[in-house]
There are 2 protein chains.
Amino acid sequence: LWNSSSLHVCADGGANRLHDYLVKCSVAVDDYLPDFIIGDLDSIRDDIKIYYQNRGIIVIKQDTGWAPDILKAIHICELFFHKIITDKNDAEFFQQFDEVGGLVEFTQKAVGEIHKANKKLKILRKMKTVMLGGIGGRFDQTLQTISQVYSQHLNCNDIILVNNLDIMALIPKGTTYIKVSNYLKDDYQFKGFNEQKEKSILGTNCGLLPVFQPITIEETIGLKWDVKNYQTSCQSKISSSNALHAKNFIIIKSAMELMFNVEL
Amino acid sequence: LWNSSSLHVCADGGANRLHDYLVKCSVAVDDYLPDFIIGDLDSIRDDIKIYYQNRGIIVIKQDTGWAPDILKAIHICELFFHKIITDKNDAEFFQQFDEVGGLVEFTQKAVGEIHKANKKLKILRKMKTVMLGGIGGRFDQTLQTISQVYSQHLNCNDIILVNNLDIMALIPKGTTYIKVSNYLKDDYQFKGFNEQKEKSILGTNCGLLPVFQPITIEETIGLKWDVKNYQTSCQSKISSSNALHAKNFIIIKSAMELMFNVEL
């Protein structure tokens, strides 16, 4: 995951978690240095901040309370994705902004203009971000993360949420095809390839999650318990502990957005 | 928490977690025996099942797929709360039901009739349940738990969700008063009572969580960032990382249900 990403950004206390995780796994911390650390910096420990600063990592303070730290991290990704900045070591670029919210405001304005121009030219360029550890902590933070995934989805940014238990993504309106690996954990077991189990990534358990509003899922194809015209909400019923069944891809048709999680 | 509860039920794999947690904490497992273990029993380990059966704990298999295991555990609580059964060692009572869903169906019918009779007599008796570990695992299971909290709320059962990070409950329609402890963690710090920190229970961070549907919160009183006519949903904005501010109680006014979590 690390090597397949072109930019690595820690949101505030995320730097502690990256550092501590590497130490815990007895992996050299310097082999996995982030490119940036950004946030209001109320969570990053002083020793971690100094550790990364000593290695030349740019640490950016943006205090503005109305933007959560994960949004600030997304803004750094946008600056590089849209080539507003291209040099990861350009500390001077970041020094020109005030620490309240100067960089946040600049990025939102600049990216907004690029989106407007792209729309005119009918260009659709989607940024893909993988977010580690955004879910599974305090529940208000989990829900805030999901709300950010929704607003970024409207903003041409696809975010995949990953923690130690789940992988989760937003399913947009309409028909969505999801490619699934041939190498599900259970598949190995069926075929007696237990020894290769560590090569598999996805588990089989999954859920269709109406977190945004009550919805009707028109149809799914490829799940163990496929649904048809399924009215679902946290006030009625939810298809949890469902399972991936198809070997190649699954299809989800819905007139409204939902989240979809698969066990890791 | 254990001693203030009159009945202790493990939902399937919950028995593993109770057992393993006690072992991990070097506490005698036999000092905290549950009264019942119920579920489809696909998660409880054989050694744990035998361990508890050898100590006389009644282990009840109910296979029915349409009822999640946490609902089956709630049904056991209802049987005792409504005094349909009073003897915790009455194994014969449970043996009369088939293992598919006999007990689930019996309980739903019996409790439904009691609710109907109570309604006629204008009696409102609320069962209070604390659920450990229902949130914080795989996200589809977390959402299923929240959906159960909603349907049980309509069923006169108040459920408090607790895990190692959060305590979370449903806020009903209307005006809700929540008593908060004088002994917030930060309070101790302010007063220099750091050495007494372990006596505190609640943290200060909290969130107003529109998981059921987009809602408007009319007013809150007693939070660090109180809201007024606040339109909130996972598609727009969420008041996360808010904080308890009042020392005695807080007030939440909302025309629709929401969840409210406080950090532990």
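Nothing here was measured: the structure is a model prediction, and the numbers come from that model.

Another point: the UniProt feature "domain: Thiamin pyrophosphokinase thiamin-binding" (unreviewed entry) in chain A. If you check UniProt for "domain: Thiamin pyrophosphokinase thiamin-binding" (unreviewed entry), the listed places come out as residues 202–251 of chain A in our numbering. As a span, residues 202–251 of chain A carries 0% helix and 50% strand, and end to end its C-alpha atoms are 17 Å apart.

Our next topic: the side chain of N242(A). All names here are of chain A. Take N242: it is sitting in strand β11 (residues 239–243). Classification of N242 by relative accessible area gives buried; the value is 1%. Here the side chain of N242 touches S239 through a polar contact of 3.0 Å, side chain to side chain. Setting aside residues no more than four positions away along its own chain, N242 makes contact with T204, N205, C206, L223, K224 and W225.

A word on the sheet that holds strand β1 (residues 9–11) of chain A. All names here are of chain A. In space, the 3 strands of this open sheet follow the order β1-β2-β3, with parallel pairing throughout. Strand pairing shows two members of the sheet lacking a second neighbour, β1 and β3 (58–61), which therefore form its edges. Sheet twist, expressed as the average angle between the axes of neighbouring strands with direction ignored, equals 20 degrees.

Of the residues lining the interface, 33 residues belong to chain B; the matching set on chain A comes to 33 residues. Regarding the contact of chain B and chain A, the summed buried area is about 3000 Å², with carbon and sulfur atoms giving 58% of it. Contact with chain A buries surface across chain B, with R138(B), F139(B) and Q235(B) losing the most and accounting together for 25% of the total. There are 0 salt bridges connecting chain B and chain A. For the pair chain B and chain A, the number of links is 14 residue pairs in polar contact (both at pLDDT 80 or more).

A few words now on the nonpolar core. Counting residues in each nonpolar core, the largest one holds 70 residues, and the members touching the most others are F94(A), M259(A), F94(B) and M259(B). Those residues in contact with F94(B) that lie beyond four places of it in its chain are F36(B), I58(B), I60(B), I76(B), L79(B), I85(B) and L103(B).

Okay, the relation of the copies chain B and chain A next. Note on the identical chains: chain B maps onto chain A by a rotation of 180 degrees and an axial translation of 0.0 Å, with an RMSD of 0.0 Å. Overall, the copies show the geometry of a two-fold rotation axis. Interface overlap between copies is the fraction of interface residues in one copy that are interface residues in the other; for chain B against chain A it reaches 100%, indicating a shared surface.

Okay, the sheet that holds strand β6 (residues 166–171) of chain B next. Residues and elements named next belong to chain B. Overall, mixed pairing links the 6 strands, which are arranged β4-β5-β6-β13-β8-β11 in an open sheet. Edge positions in the sheet fall to β4 (127–132) and β11 (239–243), since each of these pairs with one other strand and no more. Strand-to-strand, the axes of this sheet are offset by a mean angle of 25 degrees, without reference to chain direction. Relative to β6, strand β5 (residues 157–162) runs antiparallel, the two being bridged by 3 bridges. Its bridge partner lying in β6, I160 is registered against A169. In this fold helix α3 (residues 69–81) packs onto β4 and β5, with an angle of close to 145 degrees to the strand it touches most, β4. The sheet contacts of helix α6 (residues 139–153) involve β4, β5, β6 and β13 (258–263), and relative to β5 the element is tilted by about 155 degrees.

Turning next to the UniProt feature "domain: Thiamin pyrophosphokinase catalytic" (unreviewed entry) in chain A. UniProt tags residues 1–155 of chain A as "domain: Thiamin pyrophosphokinase catalytic" (unreviewed entry). Helix makes up 46% of residues 1–155 of chain A and strand makes up 11%, while its end C-alpha atoms are separated by 23 Å.

A few words now on the packing of helix α1 (residues 14–24) of chain B against helix α2 (residues 46–54) of chain B. All names here are of chain B. Remark: α1 packs on α2, axes separated minimally by 10 Å, with the N-to-C direction vectors making an angle of 80 degrees. Judged by the inter-axis angle, α1 sits roughly perpendicular to α2. Of α2, the residues touching α1 (which contributes A15, N16, L18, H19 and D20) are I48, Y51 and Y52. Of the residues belonging to the contact of α1 with α2, the class tally is 5 nonpolar, 2 polar and 1 charged.

Next up on the list: helix α6 (residues 139–153) of chain A. Counted at 1.5 Å a residue, the expected span for α6(A) with its 15 residues is 21 Å, and the 21 Å between its end C-alpha atoms agrees. A large share of α6(A) lies buried, amounting to 13 of its 15 residues.

A few words now on the pairing of strand β9 (residues 215–221) of chain A. Residues and elements named next belong to chain A. Sheet topology places β9 next to strand β10 (residues 228–232); 4 bridges connect them, and they run antiparallel. Of the residues in β10, the one forming a bridge with I217 is Y230. The turn joining β9 and β10, which pair antiparallel and follow one another in sequence, is formed by 6 residues; a positive phi near 110 degrees is taken by G222. Across 4 bridges, the pairing between β9 and strand β12 (residues 249–254) is antiparallel. Along β12, the bridge assignment pairs E219 with K253.

Rules used throughout
Residues numbered from 1 in each chain as written. Chains lettered and ligands numbered in written order. Predicted model: local features only at pLDDT ≥ 70, side-chain atom pairs only at ≥ 80, totals over all residues. Heavy atoms only, no water. UniProt positions renumbered as here; feature names shortened; annotations may be inferred. Helix = DSSP H or I, 4+ residues; strand = E, 2+ residues; numbered from the N terminus. Buried < 20%, exposed > 50% of the residue type's maximum accessible area, 1.4 Å probe, protein only. Polar contact = N/O pair within 3.5 Å; in protein donor to acceptor, adjacent residues only side chain to side chain. Contact = heavy atoms within 4.5 Å. Pairing = 2+ DSSP bridges. Axes fitted to C-alpha atoms, helices over the stretch in contact; angles between N-to-C directions. Buried area = accessible area lost by both parts, 1.4 Å probe. Salt bridge = Lys/Arg side-chain N within 4 Å of Asp/Glu carboxyl O. Core = buried A, V, L, I, M, F, W, Y, C linked by side-chain atoms within 4.5 Å. Least-squares fit on C-alpha atoms with pLDDT ≥ 70 in both. Parallel < 35°, antiparallel > 145°, perpendicular 65-115°, else oblique. Nonpolar A, V, L, I, M, F, W, Y, C, P; charged D, E, K, R; others polar. Expected span 1.5 Å × (residues − 1).

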